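Structural characterization, general
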Amino acid sequence: MEGTAARGSDASGSEQALPQSLVLEHVSPATRLLEKRRQMFEVQEALDAQKEEFARREEAFHRREEGLRKKDLELQESLIKFNKFLQENESKRNRAEKRAQEEAKQRRAKEAEIAKLKTELETMKGEFSKLEDVVSRNLKYQRYLETVQEAVPEDYPEVSDLLNRYKTLKDANADLTHRLQQHEHMNESKRGEYVHYTKEQTNDILNSNNMIASMQKALENAESDAFRVQNELDSQIRSTSDRTLEIGQALMAIDNLLQRCTSKKHGNYLKHFQASEDPQQAVQNKHLDELARKGKAAMSELDVIAAYIVDFRSIVDEMRSAGGRYRDPAAAPFGSGNGAGSAGSTEGAQAGDAAHHGHGASSGEQTANAELSASTSTSFNRNKNSKK
């Protein structure tokens, strides 16, 4: 503020020191020039004075600036020292506060610990009193153990040996109890498994019994069916046996007739042979059974017998036409016979009719066929009686 006021006063002084211009309106040029020079000189003097003033002021300003710079440095140093002092005080305050907090925390912890220790002390006092009571109650056991140890010193030299023995037995008892519980649990589980298994097996037995009953019923049905089939088979076998017997008897009768036709003297005069079998027919006969082959052979033999009968009938007719004066011994087998043959059975008549119808014979041939049928019936009855 002082520098500003000084600068203001200097400026006003310089303005007053400047020469004032004269008003020269009616003067000569030379005067004007002189006036101008005078003014210029005055201005120059004022300028020099101002320069000196400015130099003086500048020096004063430099001195003041130097003083201000020193004061500023001193102020900065004092500020630095003050800041350092403040920081040290702040750090001291923080350390003090931290120490106070720690001490308060420690004090609270110590107070809590003291309270806890007091509680533990009270608890321990209570336990101590209880233990004193226990000790007073257990003194009798101590005396008892000492008495037992004195009674058997060879087995238990010290009381601790008795206690160790008791501990061993106690551990063994606990182990046995634990094993007993395990075995009971296992027993319960096994019992449950046994009950479950029993139920399953009972169900299986019931199912098996039901299956056996159904299979028994099916077996009974099958046995009844088998019995029925066996009866049917037996009846078929009996009927087949009867038919086979009849066919065998017929085949024997045909064979007997063929032997009678081809035996004795007339067999030498009359020659009839069976027709040779066709090769293709022989191949087909190989696939037939024995009875079918015998049947076919009997059919061919019947053809031969029919041929013989036709010849015999023609011979008989010729002899009858000759008046019966000559009787050929070859016809004797057909003229004689027992009562059944002479009577002529119904079967013989049917055989003669079949032969007559098959070969177209005459009435004489019919008579011969009737006699031959009677002989066949006699042979058939004789063979049947021999089979019986």
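Since the model is a prediction, treat every value here as computed from it, not as a measurement.

1. A closer look at the pattern of salt bridges
Applying the stated rule across the entire model yields 14 salt bridges. Here arginine 57 and glutamate 53 are joined by a salt bridge, their closest N and O atoms 3.0 Å apart. In this pair, arginine 57 and glutamate 53 are both assigned in helix α2 (residues 29–151), 4 residues apart and thus about one turn of the helix distant. Taking relative accessible area as the criterion, arginine 57 reaches 13% and is therefore assigned buried. The closest approach of N and O atoms between arginine 93 and glutamate 90, which form a salt bridge, is 2.2 Å. Of this pair, arginine 93 and glutamate 90 both sit in helix α2, 3 residues apart, which is roughly one turn of the helix. Here the salt bridges do not stand alone but share partners, grouping Glu35, Arg38 and Glu42 into one network.

2. Here's the deal with α2
When the local axis directions of α2 are compared, the greatest deviation, roughly 40 degrees, occurs at asparagine 138. What α2 keeps buried is the set Glu35, Gln39, Ala46, Arg57 and Gln149.

3. Topic: the nonpolar core
Leu251, Ile254, Leu257, Leu258, Cys261, Ala298, Val304, Ile305, Tyr308, Ile309 and Phe312 form the largest nonpolar core, which has 11 residues in total. Among the secondary structure elements, those contributing two or more residues to this core are α3 (159–262) and α6 (290–321).

4. Notes on the packing of aromatic side chains
Scanning the model with the defined rule gives 1 aromatic pair in all. Ring centres of tyrosine 308 and phenylalanine 312 lie 6.1 Å apart, and the angle between their planes is 40 degrees; on these two criteria the pair is classed as tilted. Remark: phenylalanine 312 and tyrosine 308 occur in helix α6; sequence separation between them is 4 residues, near one turn of the helix. Relative accessible area serves as the criterion here: at 2%, tyrosine 308 is assigned to the buried category.

Cut-off values and rules
Residues numbered from 1 in each chain as written. Predicted model: local features only at pLDDT ≥ 70, side-chain atom pairs only at ≥ 80, totals over all residues. Heavy atoms only, no water. Salt bridge = Lys/Arg side-chain N within 4 Å of Asp/Glu carboxyl O. Helix = DSSP H or I, 4+ residues; strand = E, 2+ residues; numbered from the N terminus. Buried < 20%, exposed > 50% of the residue type's maximum accessible area, 1.4 Å probe, protein only. Bend = angle between axes of the 7 residues up to and from the residue. Core = buried A, V, L, I, M, F, W, Y, C linked by side-chain atoms within 4.5 Å. Phe/Tyr/Trp six-rings, centres within 6.5 Å; stacked < 30°, edge-to-face > 60°.

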